[in-house]
Every structure is written in structure tokens, then in C-alpha cells.
Amino acid sequence: MRKNNFLTRIIAAVLTAVILAAVPQITSQASPKKMSDGGIFDAEYYAEQNPDVVAAVGTSEAALYNHYETVGKSEGRLPYASASASDTSKHSAKEQAVYNAMMAMQSKFPEGMTWTNANGYAWKGGIYSIDYGCAGFAFALSDAAFGNAKATKVYNTDSIRVGDIIRMDNNTHMVIVLSTNADGVIVAEGNYNGKVHWGRFISWAEVSTADWVLTRY
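Please read these numbers as outputs of a predicted model, since none were measured by experiment.

Q: Hey, could you run me through the pairing of strand S9 (residues 195-203) in this one?
A: Side-chain positions along a regular strand alternate between the two faces of the sheet. Pairing geometry for strand S8 (residues 184-192) and S9, over 7 bridges, is antiparallel. Within S9, the residue paired with Ala188 across the bridge is Trp198. Hairpin connection of S8 to S9: 2 residues between the antiparallel strands, including Asn193 at a positive phi of 55 degrees.

Q: What exactly am I supposed to notice about the packing of helix H5 (residues 93-103) against helix H6 (residues 133-146) here?
A: A pair of packed helices can be characterised by two numbers: the angle between their axes and the separation between those axes. Orientation of H5 relative to H6, taken along the N-to-C sense of each, is 130 degrees, at an axis distance of 8 Å. Here H5 is positioned oblique relative to H6, judged by the angle of their axes. With respect to the hand of their crossing, H5 and H6 are arranged in right-handed fashion. Contacts from Lys94, Val98, Ala101 and Met102 of H5 reach H6 at Leu141, Ala144, Ala145 and Phe146. Grouping the amino acids of the contact of H5 with H6 by side-chain chemistry returns 7 nonpolar, no polar and 1 charged.

Q: Which parts of the structure should I look at to understand the nonpolar core?
A: Side chains of a nonpolar character, in soluble globular proteins, are inclined to be buried together. Ranked by internal contacts, the top residues of the largest apolar core, which has 30 residues, are Phe109, Leu141 and Trp198. Broken down by element, the residue count for this core peaks at 9 residues, all from H6. When neighbours within four sequence positions are excluded, Leu141 is seen to be in contact with Met102, Met105, Phe109, Ile176, Ala188 and Trp198. If you look at the next biggest cluster of nonpolar residues, it comprises 11 residues, including Val175, Val177, Val207 and Val213.

Q: Looking at this structure, how should I read the sheet that holds strand S10 (residues 212-215)?
A: Strands pair in a sheet through their backbones, by hydrogen bonds, and they do so in one of two ways: parallel or antiparallel. Here we have 6 strands laid out as an open sheet, ordered S5-S10-S6-S7-S8-S9, and antiparallel in their pairing. Looking along the sheet, the strands with just one partner apiece sit at the ends: strand S5 (152-154) and S9. Between one strand and the next, the sheet's axes are offset by a mean angle of 30 degrees, whatever the strand orientation. Taken together, the 3 bridges between strand S6 (residues 165-168) and S10 define a ladder with antiparallel strand orientation. From the neighbouring strand, Ile166 faces S10, where its bridge partner is Val213. Along the sheet, H5 contacts strand S7 (173-180) and S9; its crossing angle with S7, the most-contacted strand, is approximately 125 degrees.

Q: Whenever I open this one, the pattern of salt bridges confuses me. Can you help?
A: Side chains that carry opposite charge are capable of pairing whenever their charged atoms lie near each other. All told, the structure shown has 5 salt bridges when counted by the stated rule. Arg77 is the partner of Asp52 in a salt bridge, and the nearest nitrogen-oxygen pair spans 2.9 Å. One end of the pair, Asp52, is in helix H3 (residues 51-57); the other, Arg77, is in the loop between helix H4 (61-72) and H5, with 25 residues separating them in the sequence.

Q: Help me out: how do you make sense of the pairing of S8 in this one?
A: For S8, a buried count of 7 out of 9 residues is recorded, marking the element as mostly surrounded by other parts of the structure. Relative to S8, S7 runs antiparallel, the two sharing 4 bridges. From the neighbouring strand, Val177 faces S8, where its bridge partner is Val187. Linking two consecutive strands that pair antiparallel, namely S7 and S8, is a turn of 3 residues.

Q: I tried to follow the packing of aromatic side chains on my own but got confused; where do I start?
A: In this description, a pair of aromatic rings is defined by centroid distance and the angle of the planes. On inspection of all chains with the given rule, the structure shows 13 aromatic pairs. Relative to Trp212, the ring of Tyr128 has its centre 6.1 Å away and its plane inclined at 15 degrees; by these criteria the two rings are stacked. Residue Tyr128 is found in the loop between strand S3 (120-122) and strand S4 (130-132), and its partner Trp212 is found in strand S10; the two are separated by 84 residues along the sequence. Geometry around Trp212 places Lys153 over its ring, the cationic atom sitting 4.3 Å from the centre.

Q: What am I meant to see in the environment of Gly136 here?
A: Structurally, Gly136 is set in helix H6. For Gly136, a relative accessible area of 0% puts it in the buried group. It is 7.1 Å that separates the C-alpha atoms of Gly136 and Asn119, two residues lying 17 residues apart in sequence. Apart from residues lying up to four places away in sequence, Gly136 is in contact with Trp115, Tyr121 and Asp131.

Criteria and thresholds
Residues numbered from 1 in each chain as written. Predicted model: local features only at pLDDT ≥ 70, side-chain atom pairs only at ≥ 80, totals over all residues. Heavy atoms only, no water. Pairing = 2+ DSSP bridges. Helix = DSSP H or I, 4+ residues; strand = E, 2+ residues; numbered from the N terminus. Axes fitted to C-alpha atoms, helices over the stretch in contact; angles between N-to-C directions. Parallel < 35°, antiparallel > 145°, perpendicular 65-115°, else oblique. Left-handed = near helix turned anticlockwise from the far one by under 90°. Contact = heavy atoms within 4.5 Å. Nonpolar A, V, L, I, M, F, W, Y, C, P; charged D, E, K, R; others polar. Core = buried A, V, L, I, M, F, W, Y, C linked by side-chain atoms within 4.5 Å. Buried < 20%, exposed > 50% of the residue type's maximum accessible area, 1.4 Å probe, protein only. Salt bridge = Lys/Arg side-chain N within 4 Å of Asp/Glu carboxyl O. Phe/Tyr/Trp six-rings, centres within 6.5 Å; stacked < 30°, edge-to-face > 60°. Lys NZ or Arg CZ within 6 Å of the ring centre and 35° of its normal.

Here it is in C-alpha cells:
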């Protein structure tokens, strides 16, 4: 009897393996999703192709998409299986160039680098000369993107573009815009808890309360 039971289990295991092998496997490559800002993204595909990203940010769709928008796109990572580089740009050519220039500064200002009010930078945009902390960091990225172009201070937040600097939090903090979408903006900032931080999301509702904006367009 024991021998028959053992043979039965062996046969069942073999049949299960044959059935599983015959069933087409569903892959993440077949189901890219339209995101709220209009982008097309497949979180499972992105995670499979970028284990280093998973190790850094985890597997949530929001975190992976944020990484793609703020870092992965400029590194040439694809958002879904059949994407090409021409599929990944939603901003104007000028904004894309500004974005690329700012993202190239990540090697100089890596995530988590100490950046406090002791760190200053003298920018080329006029209006201000040398400034420190969050302002100095924003000015450094701004110069990398715009060179000697002069800045204009505006108080309307309806036309925020990539590379604009937002003064917010009751005139206490500056951030620089990396990208925009239907829900808000993605920013980079210095002196964020005393460090450099890339990729924070700020909603349009919060942006609308900004004190002013510096633009170099």
C-alpha cells in the first residue's frame, strides 16, 4: 500500500509539472499601464529589469514610477518592454535639456549628501548673488541647466516648468523642479533635513501656496 501511495504522488507531481509547463505564463511585459500624468509604465517590468532600483526604493508602483521619472529616464532605463527612447519624453525639448543637465549633477550632489546653511553658492541668474542652504543648492542646479540666463521673479504658479525654482513654506525653503505632471511637481532640494534630496513629490495644491517662483525661460 505504501508503494502504491508513493507511485501515486510521483505521477501527480509529474502531471502537475506537465500542466504548468503547457500553460502560457503571464509576464509583466504584456501590461503597461497609463499613469495619472499620461505616462505609460509597467512597474513589474521596471522592477525585473532594474534590481538595483528595487534594492534602493522597493517594489511599490509609486516608488518605481517616481524613480523612473526623476532618475531612470535620464539613465536610459525603459518604462515598459517595447518602449523606445522616443516614447519617454513628455516635456518640451528645452525642458528635456534642462532636466538632463540637472540630473547630470547627481554625481556631484548625490542623494543624502550633507547640505546645510553652511553650504553656499554664487549663481549667475541675477537678483541674488551668493546664497546658502536650500537656495544655494537650487542655484547650483539652475546654473548647470541655464548657464548665464537671467532669472525673473514671478508670483503666478500656473505655468511652472522644469528648472523653475519655487520659494515655499512661508518663505523658508527653496526647491527646483525636475518634472511636472497632472498631480504636481517632482523636485530636488538641498538642506532637506540637512541633506540633498532628489525626487520629492509636491502637489499642485501645495505649489499654489508658494511665495514666488524664479524662472529663467
